[in-house]
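Residues per chain, in single letters:
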Number of protein chains: 2
Amino acid sequence: MPIKPFGELATDFSFTTFYSITLLPITLNTMYYQNTDKFLISVDCIIFGFHKKELHVLLTRRPVEPKLNEWSLMGGFMEEGESLSEAAEKVLYRYTQQKDIYMEQVAAYGDVNRDTGGRVVSVAFYALVKTEKFNTSLAKKFDAKWINIKELPQLVFDHNKMVMDALMLLQYKVSTQPVAFHFFNDKFTLPALQDLYEAIYQMELDKRNFRKKLSTMEILDKLEEKDKMNSKRGAYFFTFNKHKYNKFLAEGKRFSL
Amino acid sequence: MPIKPFGELATDFSFTTFYSITLLPITLNTMYYQNTDKFLISVDCIIFGFHKKELHVLLTRRPVEPKLNEWSLMGGFMEEGESLSEAAEKVLYRYTQQKDIYMEQVAAYGDVNRDTGGRVVSVAFYALVKTEKFNTSLAKKFDAKWINIKELPQLVFDHNKMVMDALMLLQYKVSTQPVAFHFFNDKFTLPALQDLYEAIYQMELDKRNFRKKLSTMEILDKLEEKDKMNSKRGAYFFTFNKHKYNKFLAEGKRFSL
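Conventions adopted
- Residues numbered from 1 in each chain as written.
- Chains lettered and ligands numbered in written order.
- Predicted model: local features only at pLDDT ≥ 70, side-chain atom pairs only at ≥ 80, totals over all residues.
- Heavy atoms only, no water.
- Helix = DSSP H or I, 4+ residues; strand = E, 2+ residues; numbered from the N terminus.
- Buried < 20%, exposed > 50% of the residue type's maximum accessible area, 1.4 Å probe, protein only.
- Areas by Shrake-Rupley, 256 points an atom, 1.4 Å probe, with all protein chains shown as cover.
- Contact = heavy atoms within 4.5 Å.
- Buried area = accessible area lost by both parts, 1.4 Å probe.
- Salt bridge = Lys/Arg side-chain N within 4 Å of Asp/Glu carboxyl O.
- Polar contact = N/O pair within 3.5 Å; in protein donor to acceptor, adjacent residues only side chain to side chain.
- Nonpolar A, V, L, I, M, F, W, Y, C, P; charged D, E, K, R; others polar.
- Pairing = 2+ DSSP bridges.
- Axes fitted to C-alpha atoms, helices over the stretch in contact; angles between N-to-C directions.
- Parallel < 35°, antiparallel > 145°, perpendicular 65-115°, else oblique.
- Least-squares fit on C-alpha atoms with pLDDT ≥ 70 in both.
- Phe/Tyr/Trp six-rings, centres within 6.5 Å; stacked < 30°, edge-to-face > 60°.
- Lys NZ or Arg CZ within 6 Å of the ring centre and 35° of its normal.
- Left-handed = near helix turned anticlockwise from the far one by under 90°.
- Expected span 1.5 Å × (residues − 1).

> Any details on the overall build of chain A? Residues and values, ideally.
A tally of helices and strands in chain A yields seven helices and 10 strands. The buried share of chain A, reckoned over its 257 residues, is 53%. Carbon and sulfur atoms make up 50% of the accessible area of chain A, which totals about 13,400 Å².

> Would you mind going over the interface of chain B and chain A in detail, with residue names and values included?
The interface is formed by 55 residues belonging to chain B together with 55 residues belonging to chain A. Carbon and sulfur atoms supply 65% of the area that chain B and chain A bury against each other, a total of about 5,000 Å² over both sides. For the pair chain B and chain A, the number of links is zero salt bridges. Put simply, chain B and chain A have 13 residue pairs in polar contact (both at pLDDT 80 or more) between them. Of all the elements in the fold, those that place two or more residues in the side of chain B that touches chain A are helix H1 (24-34), strand E1 (38-51), strand E4 (74-77), helix H2 (84-96), strand E5 (102-109) and strand E6 (120-129) of chain B. It is H1(B) that provides the largest number of residues to the side of chain B that touches chain A, a total of six residues. Taken together, the residues of the side of chain B that touches chain A sort by class into 29 nonpolar, 11 polar and 15 charged. Where strand E1 (residues 38-51) of chain A meets E1(B), three bridges bridge the pair, whose relative direction is antiparallel. Its bridge partner lying in E1(B), Lys38(A) is registered against Leu40(B).

> Provide a residue-level description of the packing of helix H5 (residues 190-201) of chain A against helix H6 (residues 207-217) of chain A, including the pertinent values.
Residues and elements named next belong to chain A. At a minimum axis separation of 11 Å, H5 and H6 run at an interaxial angle of 110°. Between H5 and H6, the angle falls in the class roughly perpendicular. Of the residues in H6, those touching H5 at Leu190, Pro191, Leu193, Gln194 and Tyr197 are Lys207, Phe210, Arg211 and Leu214. Considering only residue class, the contact of H5 with H6 consists of six nonpolar, one polar and two charged.

> Summarise the pairing of E6(B); cite the residues concerned and give the values.
Residue and element names in this part refer to chain B. Of all 10 residues making up E6, 10 are buried, and the element is well covered by its neighbours. The pairing of E1 with E6 spans 10 bridges and is parallel. Opposite Ile46, over in E6, you have Tyr126 as the bridge partner.

> Go over the relation of the copies chain B and chain A with me, naming the residues and quoting the values.
By a simple turn and slide, chain B fits onto chain A: the slide is 0.0 Å along the axis, the RMSD is 0.0 Å, and the turn is 180°. Here the transformation between the copies is reduced to the relation of a two-fold axis. A share of 100% of interface residues in chain B that are also interface residues in chain A marks the association as one of identical surfaces.

> Explain the packing of aromatic side chains to me, and be specific about the residues and the numbers.
All names here are of chain A. One pass over the full model with this rule turns up 24 aromatic pairs over all chains. Measuring from centroid to centroid gives 6.0 Å for Phe50 and Phe184, while their planes differ by 80°, and the two rings are edge-to-face. Within this pair, whereas Phe50 is found in strand E1, its partner Phe184 is found in the loop between helix H4 (159-176) and strand E8 (187-189), the two being separated by 134 residues in sequence. Exposure class is identical for Phe50 and Phe184. Each is buried. Following the ring pairs from residue to residue traces out a cluster consisting of Phe50, Phe181, Phe184, Phe188, Phe240, Tyr245, Phe248 and Phe255. Cation over ring: Arg61 sits above Trp71, and NZ or CZ is 4.0 Å from the ring centre.

> Outline helix H7 (residues 242-250) of chain A, supporting the account with residue identities and numerical values.
With a side-chain oxygen positioned 2.9 Å from the backbone nitrogen of His243(A), the residue opening H7(A) is Asn241(A). Just downstream of H7(A) lies Gly252(A), where phi reads positive at about 80°.

> An account of the packing of helix H4 (residues 159-176) of chain B against helix H5 (residues 190-201) of chain B is needed here, citing residue identities and associated values.
Residues and elements named next belong to chain B. Axis separation between H4 and H5 bottoms out at 9 Å; the angle between their running directions is 140°. Judged on the interaxial angle alone, H5 and H4 are oblique. Both H4 and H5 take part in a crossing whose hand is left-handed. Facing Leu167, Leu170, Gln171, Val174 and Ser175 of H4, the residues of H5 in contact are Tyr197, Ile200 and Tyr201. Partitioning the contact of H4 with H5 into residue classes produces six nonpolar, two polar and no charged.

> Would you mind going over the sheet that holds strand E9 (residues 220-227) of chain A in detail, with residue names and values included?
Residues and elements named next belong to chain A. The strand order E8-E10-E9 describes an open sheet built from three strands, whose pairing is antiparallel. Every interior strand has two partners, whereas the edge strands, E8 and E9, have only one. Ignoring which end each strand starts from, the neighbouring axes of this sheet average 40° apart. Running over the sheet, H5 touches E8, E9 and strand E10 (235-240) and is turned about 85° from E8.

> I'd love a proper account of H5(A), names of residues and values included.
All names here are of chain A. Helix length check: H5, at 12 residues, gives a terminal C-alpha distance of 16 Å against a target of 16 Å (1.5 Å per residue), a fit within 8%. Burial within H5 is extensive, with 10 of its 12 residues counted as buried. Burial in H5 covers these residues: Leu190, Leu193, Gln194, Asp195, Leu196, Tyr197, Glu198, Ala199, Ile200 and Tyr201. Where H5 begins, the side chain of Thr189 points an oxygen toward the backbone nitrogen of Ala192, at a separation of 3.1 Å. Backbone geometry just after H5 places Gln202 at a positive phi near 55°.

> Give a detailed account of the environment of Leu169(B), specifying residues and quantitative values.
By the element assignment, Leu169(B) lies in helix H4. Every residue in contact with Leu169(B), bar those within four places of it in the chain, is listed here: Glu104(B), Gln105(B), Val106(B) and Tyr126(B).

Shown next, in the form of structure tokens:
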């Protein structure tokens, strides 16, 4: 009996015994790839930004039915010539006009009735955006708003779950890799970095322990310049030094914060 | 100008100004969901098993072109009435005849040319299978083989990457959640559990430290019975106690191994 590993097809394969064995695979291939259901694939982006000591998500009012005007993530359909990542980059660029945004795939969401407008499998990506650079006229155009993640409203479909999954992945990522720096426009102060980590972890961190972990890794450069906006004494700006980080990794050490 | 968040459609939307505002969303909706590319979606399963102190992956020889007879993960296409998880469960059941297998999604793979047979977006799932229960006659039927993960051959398409991504996710999972017990048929000895963790982490672990972490959590039950197959003195069997684990969680503690 021929094996049908790629789904049970309606056609009975026993006829294939009439053909030579070399023809069989080609016949199977053509049928496997052709007699199979096709699906709409969308990407949804959880765009994270750090603003006023809080983690925010960029949300929009959905411009189409179903669920017109309800809060939604930024999304779009994947097109024929695009990879999943390229589709996500397209959506990110449309809503932020920024390129080279740090982005990571969260998961694929494939429940049969997840989208009440049609059968759509959606792949969620989170992105870390520098809110300082964010073009506010774009926000107006797309009816977009930065919402504090602690005050997340009811979103369409399974978007709330996507945000929570993205947050969990982000928590893991920033604890094991130096990606949180993507929230800043190059430089940051240590108090701001701790505020960011506290916003992502949604808990307070011990300052001495946080500073100790950071300084032990020796992956930052201290600048001459101080931020005097947020305290009288001011706080020195730092930058992430990729060269030092590569050396750190080469020594077999692991980022942990 | 109307906003086109779900992909740039070929149709010009300016005609919509002729319609009343209440009709507009319905018109948009119909077009958004209909004039959009559709794709084949497959699932690929990284079936992990623990055998002779080593982590193994169940592989098969691909029965169709392209790449006929080459090593491949177990896969299949998603069908209309199925969710992604249901499609993965279908594939797992076909190859293992086991239900209620512990399974987790790894990621979606959507590069344009990833599958040389056609444009297919694949979602990978890993599954933890009890090799003791595994039906070897099935293996014969599907030309399947348990391969030591340290000796992984060249697999078709991006399947090697899927295995590596699944392994990384598994490493994270077993370090933070009590999922490794799914590899065993209910009971296990502490030496076997450490062997399993060493096989997953691909490094040796300090026995005293490993035992200490385990006993501190108090989530296992020690049985009267001993395993005398693997040592003269024998090693007591243990089982995971879900009730104790829930209590452990309720106390605000976190699994770590």
